[in-house]
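Tertiary structure, described
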Number of protein chains: 2
Amino acid sequence: MPSEVEELLLSHGVKPTPQRVVITEFLLRTDSHPTADQVFEAVVNALPVPLSRATVYNTLNALVQAGVVKEVSTEPGRTRYDANLDRHHHFVDVNTGEIIDIPWQEVPQLPKNLNPRFKVHGYQIIFFGELDKGH
Amino acid sequence: MPSEVEELLLSHGVKPTPQRVVITEFLLRTDSHPTADQVFEAVVNALPVPLSRATVYNTLNALVQAGVVKEVSTEPGRTRYDANLDRHHHFVDVNTGEIIDIPWQEVPQLPKNLNPRFKVHGYQIIFFGELDKGH
DNA sequence: CCGACTACTTAGACAACATCTAAGCTTTGA
DNA sequence: TCAAAGCTTAGATGTTGTCTAAGTAGTCGG
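An account of the accompanying structure is given in this report. (Residues numbered from 1 in each chain as written. Chains lettered and ligands numbered in written order. Predicted model: local features only at pLDDT ≥ 70, side-chain atom pairs only at ≥ 80, totals over all residues.)

Moving on to the interface of chain A and chain B. Counting residues at the interface gives 32 residues for chain A, matched by 33 residues for chain B. Residue classes in the side of chain A that touches chain B are distributed as 17 nonpolar, nine polar and six charged. (Contact = placed C-beta atoms within 7 Å. Nonpolar A, V, L, I, M, F, W, Y, C, P; charged D, E, K, R; others polar.)

Mapping chain A onto chain B calls for a screw motion: a turn of 179° about the axis and a shift of 0.0 Å along it, with 0.1 Å RMSD after fitting. Here the symmetry operator amounts to a two-fold rotation axis. Comparing interface residues between copies, 100% of those in chain A also sit at the interface in chain B, which points to an isologous, same-surface contact. (Least-squares fit on C-alpha atoms with pLDDT ≥ 70 in both.)

Attention shifts here to the protein's contact with DNA strand C. Inspection of the region around DNA strand C gives 24 residues, with A:Ala54, A:Thr79, B:Thr17, B:Pro50 and B:Thr55 positioned closest. Those elements giving two or more residues to the surface near DNA strand C turn out to be α3 (36-43) and α4 (53-66) of chain A together with α2 (18-29) and α4 (53-66) of chain B. Partitioned by chemical class, the residues of the surface near DNA strand C number eight nonpolar, 11 polar and five charged. (Near = placed C-beta within 6 Å. Helix = DSSP H or I, 4+ residues; strand = E, 2+ residues; numbered from the N terminus.)

Regular strands place side chains that alternate from one sheet face to the opposite one. Note that strand β5 (residues 118-131) of chain A and strand β5 (residues 118-131) of chain B share 13 bridges and pair antiparallel. When the sheet's bridge partners are listed, A:Ile125 is paired in β5(B) with B:Ile125. (Pairing = 2+ DSSP bridges.)

Any two packed helices are characterised by how steeply their axes cross, that is the angle between the axes, and by the distance between the axes. All names here are of chain B. It is the contact of helix α1 (residues 4-11) with α2, at a shortest axis distance of 10 Å, that shows an interaxial angle of 105°. One finds that α1 runs roughly perpendicular with respect to α2. Listed contacts from α2 to Val 5, Glu 6, Leu 8 and Leu 9 of α1 are Arg 20, Val 21, Thr 24 and Glu 25. Each residue belonging to the contact of α1 with α2 can be placed in one class, and the counts come to four nonpolar, one polar and three charged. (Axes fitted to C-alpha atoms, helices over the stretch in contact; angles between N-to-C directions. Parallel < 35°, antiparallel > 145°, perpendicular 65-115°, else oblique.)

With mixed pairing, the six strands of this open sheet are ordered in space as β4(A)-β3(A)-β5(A)-β5(B)-β3(B)-β4(B). Edge positions in the sheet fall to β4 (99-103) of chain A together with β4 (99-103) of chain B, since each of these pairs with one other strand and no more. Neighbour to neighbour, the strand axes of the sheet diverge by 30° on average, direction disregarded.

Here is the structure:
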């Protein structure tokens, strides 16, 4: 009987190998928007076999392709990954780089027909600012 | 008598060396949101002396620091530069990667006080879609 | 002018992030 | 049991960006 994660992968057309399962499980469990290297560090000891960085990159690309996770690009030069499939926006703390999800309904919807030249598929909003630790 | 570009740099506290002037001139002249390497290719022959890539990177970072240009991060792994200082948003053609500026007033303003935990300094909206070449 | 100080630039080494390659391993199905 | 297809591995390679050491140009006090 396949686990929930295996079913998730199968339903997206991704073969659930052990490597892909542990990587996907980690992404679903965290809300920290990890980089590829952070994913590697987190799961490298969760498998009884060696894990190659190439597999992590291959898997992350496959998951993005299949629509299981999304890439987040808040700072240049490093890609982060987000398994929150609910539509949402992002807030980035300019001091720490921490990324926090903002629920879709907390932000007014934007019109998609801003200009007849553009056929808008979607949009991405990133807020920059400081996190008030007092709250 | 200093040129307009030299005055721009001076007013932002950046010493207008020949390298910095030609790089800034190129950025002001284009709306193509070039990468650092595209900037290098564009200006390397505009100087009577050799130009190092390090100087391009140093200059771009200095211009960003000084507020003369802005970084644009629409795709992971490469930083683009934008000398359009008017507030604006971006549209990215998913087929070509082309980036087009969208005037600030064409998009509804978003509230900055979405959540008491966040002190929002600003935000960035990137629209993804297809460009209708027919218009 | 002169010397020293500061800032800038250069070429190439280096570092970080990501992809590619060749070989081996699993799985699948005939 | 065999072949084909797909996945993973280790390490080489590619790409983007930064760092280092040396040299150069501009500035300022004398």
